[in-house]
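As a plain string of letters, each chain reads:
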Amino acid sequence: MKKFILKAAQLGIASAPAFCISNNEILESAAPFDREIELGLLNHAYEGLKLQLVAAAKNADLSTRPLIEAEIMLLEDSLFIGSALKMIREKGISASRAISEVGASLSQNFLNNSSEYMKARADDVRGLADDILQLLRGEKRDELKRPSIIVARELSPTYFSCLERALIKGMVTEKGSAISHLAILAGNYGIPYIYGCEEALSEIKSGDCLIIDGENLIINPDSQMLEKVTLQANQFLDSSKAKLHLTKEYPVKIYANCASLSDIEEARAQNADGIGLFRTEFLFLEDGDAPSEEKQFEIYREAAKIMGEKELCIRTMDIGSDKTPKWMDIPHEKNPALGCRGIRFSLENLQLFKNQLRAILRAASFGNVKLLLPMIASTWEIEKTREILRNCEEELVAEGTLFKVPDLGIMIETPAAVMMAPELAASADFFSIGTNDLTQYTLAIDREGEGLDKYYDPSHEAIFRMIRLVCQAAKNQGIPVTVCGELAGISTEAERLINIGVDALSVATAKLHLLK
Ligand code: PEP
Ligand code: MG
């Protein structure tokens, strides 16, 4: 029996024999290649794969079809097949070598992209290149005949779609990502899927008995463990059904966390229920100077328009700590995380704060805007902000400028805010729990610190007890609570948060699919 810990793209429990799929290595002779023959071979394999994909899309259900159609578009992209054909023409290399090089370089381009969603497309490109390689080698797809756990270095969504789904009990790949199309497919069908360990894969042969249990992979377990896990796997299936029931009874909004207009566009395209957290400090970090009221107004107005009637929660600049603008001469602080950051920075830099509040008030008349204050520890900080807001309103009225006063919410991310939640709930219109900072300040562990990861635990019981207190205080005052820290994006913890009484989860756009 051997045990490995991998990364979970789709959490779950499964036990079944391994079905190993060999990925394609390039085997080629040293003989020179005939360009015309290689071009013909590649075109033939390309057309063959396209036919397979079109057939798979036709037979797929509604949730899978768009993923296969995205594969077809990627395949048809001239940068993919066109570049490989060009390489053969210009360099006289084999069709296999050309498609493999194009697959590697395009996937590297995707990996260099700053968007997590685009990064995940790297796997799709490599998968397509592998599929073409397989066709070039004239191999027939391995046939899956009994319930199995699929094991592969990489697995393309196409390959997945051509397998008998009911027979796939789990998947283990060496390369992968939690937001790849394969992960999304695994999520659609509730198939446990783990990835990311070369050593584990080299230990597995087809027919070995495997267990996937959360992030754990067990090869050839003893009979006692196998019996226990089989029982748990059945319970897991029952609880998945219960989860569906829960979602129906308690509709929970799934919002996106964003830091720019392009993030907001992506979140809208991915059908987020709203933007739960627009981190505006990034607008202040970009430029050689502070963004003017006008520039901010244009950005917030555009964001409000993109979201339409869906909520757009704009957080005022959380400057300070690790986010300091280059154009500002901020005095050195010994403990910047405990220094002048968030609401403290805003109240210490009133003109900057007023510019931002005026821009937000003006943009609020173009959509469903909410205003959120970071790093609140005391009620006076909310009262002071309300006073500044009133002052901005008076100015805008006097100027005859269009505006609207949005709901004012606060981040609950300091232990003080948790303990003061009953009083704060009476002053604020909503709460948003920032578990990233709440973990840092509660567990006394620097979120930027290196080598202490195992102590930074957002699922710590202390954090959950605090969230319970905050939800209770909010409920007593009838105000809603969102969780917008990274904890909200951990699917197993999301269910716990919902059961505690959280009304909405706000997560990275890349996690929207999995969480929904
Ligand atoms: C948080 O602290 O959980 C949060 C969402 O805010 P940020 O990560 O921007 O500090
Ligand atoms: Mg924070």
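This one's a predicted model, so the numbers in the text were calculated from it and none came from an experiment.

**So, the overall build of the protein chain**
Part 1: The number of helices and strands found in the protein chain is 21 helices and 16 strands.
Part 2: With the C-alpha coordinates of the protein chain rotated into their principal frame, the extents come out at 80 × 60 × 45 Å.
Part 3: Split into buried and exposed, the 516 residues of the protein chain put 50% on the buried side.
Part 4: Taking as baseline every contact in the protein chain between residues at least 6 positions apart, the subset at least 24 positions apart corresponds to 68%.

**So, the layout of surface pockets**
Part 1: If you add up the space inside the second largest pocket, you get close to 390 Å³.
Part 2: Considering the residues around the second largest pocket, the lining is formed by 25 residues, among which S321, R341, D437, Q440 and R447 are closest to the centre.
Part 3: Residue assignment for the lining of the second largest pocket shows that the elements contributing at least two residues are strand 10 (274-279) and helix 18 (435-442).
Part 4: Here the residues of the lining of the second largest pocket sort into nine nonpolar, five polar and eleven charged.

**So, the environment of K7**
Part 1: Among the secondary structure elements, K7 is positioned in strand 2 (residues 7-10).
Part 2: Residues K7 and E90, 83 residues apart in the sequence, show an inter-C-alpha distance of 41 Å.

**Considering the coordination of the magnesium ion (ligand 2)**
Part 1: Here the magnesium ion (ligand 2) is held by E413 (OE) and D437 (OD), and the distances to it run 2.0 to 2.1 Å. With a gap of 24 residues between them, E413 in the loop between strand 13 (407-412) and helix 16 (415-419) and D437 in helix 18 connect regions that are remote in the sequence.
Part 2: A relative accessible area of 2% places E413 in the buried class.
Part 3: Note on D437: relative accessible area 3%, which makes it buried.

**Section: the site of ligand 1**
Part 1: Ligand 1 sits among 15 residues. The nearest are R279, R315, G434, N436 and R447.
Part 2: In the environment of ligand 1, an oxygen atom lies 2.7 Å from a nitrogen or oxygen atom belonging to the side chain of R279.
Part 3: In this structure, an oxygen atom belonging to ligand 1 sits 3.0 Å away from a side-chain N or O atom of E413.
Part 4: Isolated, ligand 1 exposes 290 Å² of accessible area, and the fraction of that covered by the protein chains is 99%.

**Looking at the packing of aromatic side chains**
Each aromatic ring pair is described using two quantities: the centre-to-centre distance and the angle formed by the ring planes.
Part 1: Counted according to the given criterion, the structure contains three aromatic pairs.
Part 2: Both rings, one in Y193 and one in Y195, keep their centres 6.1 Å apart while their planes meet at 45°; by these two values the pair is tilted. No difference in accessibility class separates Y193 from Y195, as the two residues are buried.
Part 3: For the pair F278 and Y300, a centre-to-centre distance of 6.1 Å together with 85° between the ring planes defines the contact as edge-to-face. Of this pair, F278 sits in strand 10 while Y300 sits in helix 12 (residues 293-307); the two residues are 22 residues apart in sequence, bridging distant segments of the chain.
Part 4: Looking at F278, the relative accessible area reads 0%, which means it is buried.
Part 5: The ring centre of F366 lies 5.7 Å from the NZ or CZ of R301, which sits over that ring.
Part 6: Directly above the aromatic system of F297 lies the positively charged group of R362, at a separation of 4.0 Å from the ring centroid.

**A few points about the domain arrangement of the protein chain**
Part 1: Partitioning the protein chain into structural domains gives domain 1 (2-22 + 141-233), domain 2 (35-136) and domain 3 (250-515).
Part 2: Between the C-alpha centres of domain 2 and domain 3 there is a distance of 41 Å.

**Quick word on the sheet that holds strand 13**
Adjacent strands of a sheet form backbone hydrogen bonds with each other and so pair up, either parallel or antiparallel.
Part 1: Overall, parallel pairing links the eight strands, which are arranged 9-10-11-12-13-14-15-16 in a closed barrel. Neighbouring strand axes in the sheet, compared pairwise and without regard to direction, differ in orientation by 30° on average.
Part 2: Examined bridge by bridge, strand 11 (residues 311-315) and strand 12 (residues 368-373) share five bridges and lie parallel to one another. If you follow L312 over to strand 12, its bridge partner there is V369.
Part 3: Packing of helix 12 onto the sheet brings it into contact with strand 10, strand 11 and strand 12, and relative to strand 11 it is tilted by some 155°.

**Regarding helix 14 (residues 350-363)**
The α-helix advances 3.6 residues per turn, and as a result positions three or four apart in sequence lie on the same side.
Part 1: Along its 14 residues, helix 14 runs 20 Å from first to last C-alpha, staying within 8% of the 20 Å computed at 1.5 Å per residue.
Part 2: Of all the positions in helix 14, only L352, F353, K354, Q356, L357, R358, A359, I360, L361, R362 and A363 are classed as buried.
Part 3: Looking at the buried side of helix 14, the elements it contacts are helix 11 (281-286), helix 12, strand 11, helix 13 (343-348), strand 12 and helix 15 (379-399).

**Focus on the nonpolar core**
A general feature of soluble globular proteins is that nonpolar side chains tend to end up buried together.
Part 1: Of all hydrophobic cores here, the largest spans 76 residues; its most connected members are L312, F431 and L505.
Part 2: Top element by residues in this core is helix 19 (residues 461-477). It accounts for eight residues.
Part 3: The residues touching F431, leaving out its near neighbours within four places in the chain, are I410, I412, A421, L424, A425, V470, A474, I479, P480, V481 and T482.
Part 4: I93, A122, A129 and I132 belong to the second largest nonpolar core, which has 33 residues in total.

**Some thoughts on the packing of helix 10 (residues 261-269) against helix 12**
Part 1: Where helix 10 meets helix 12, the axes come as close as 10 Å, and the angle between the chain directions of the two elements is 5°. When the axis of helix 10 is compared with that of helix 12, the two are roughly parallel. Along its contact with helix 10, which presents L261, I264, E265 and R268, the element helix 12 presents I299, E302, A303, I306 and M307.
Part 2: For the contact of helix 10 with helix 12, the residue count by class is six nonpolar, no polar and three charged.

**Considering the pairing of strand 16 (residues 504-508)**
Part 1: Within strand 16, four of the five residues are buried, which leaves the element mostly enclosed by the surrounding structure.
Part 2: Here strand 9 (residues 253-258) runs beside strand 16; their pairing, made up of five bridges, is parallel. What sits directly across from I254, in strand 16, is L505.
Part 3: With helix 20 (residues 491-500) bridging strand 15 (residues 481-483) and the parallel strand 16, this β-α-β connection has right-handed handedness.

Each value, and the rule that gives it
Residues numbered from 1 in each chain as written. Chains lettered and ligands numbered in written order. Predicted model: local features only at pLDDT ≥ 70, side-chain atom pairs only at ≥ 80, totals over all residues. Heavy atoms only, no water. Helix = DSSP H or I, 4+ residues; strand = E, 2+ residues; numbered from the N terminus. Buried < 20%, exposed > 50% of the residue type's maximum accessible area, 1.4 Å probe, protein only. Contact = heavy atoms within 4.5 Å. 1 Å grid on protein atoms, 1.4 Å probe; cavity = no way out; pocket = protein on both sides within 12 Å on 5 of 7 lines; lining within 4 Å. Points joined across faces, edges and corners; volume = space filled by probe spheres on them. Nonpolar A, V, L, I, M, F, W, Y, C, P; charged D, E, K, R; others polar. Donors = N, O, S within 2.8 Å, 3.2 Å for Na, K, Ca; no water. Near = heavy atom within 4 Å. Polar contact = N/O pair within 3.5 Å; in protein donor to acceptor, adjacent residues only side chain to side chain. Areas by Shrake-Rupley, 256 points an atom, 1.4 Å probe, with all protein chains shown as cover. Phe/Tyr/Trp six-rings, centres within 6.5 Å; stacked < 30°, edge-to-face > 60°. Lys NZ or Arg CZ within 6 Å of the ring centre and 35° of its normal. Domains from an automatic or database assignment. Pairing = 2+ DSSP bridges. Axes fitted to C-alpha atoms, helices over the stretch in contact; angles between N-to-C directions. Expected span 1.5 Å × (residues − 1). Core = buried A, V, L, I, M, F, W, Y, C linked by side-chain atoms within 4.5 Å. Parallel < 35°, antiparallel > 145°, perpendicular 65-115°, else oblique. Right-handed = clockwise from strand over helix to strand, strands pointing away.

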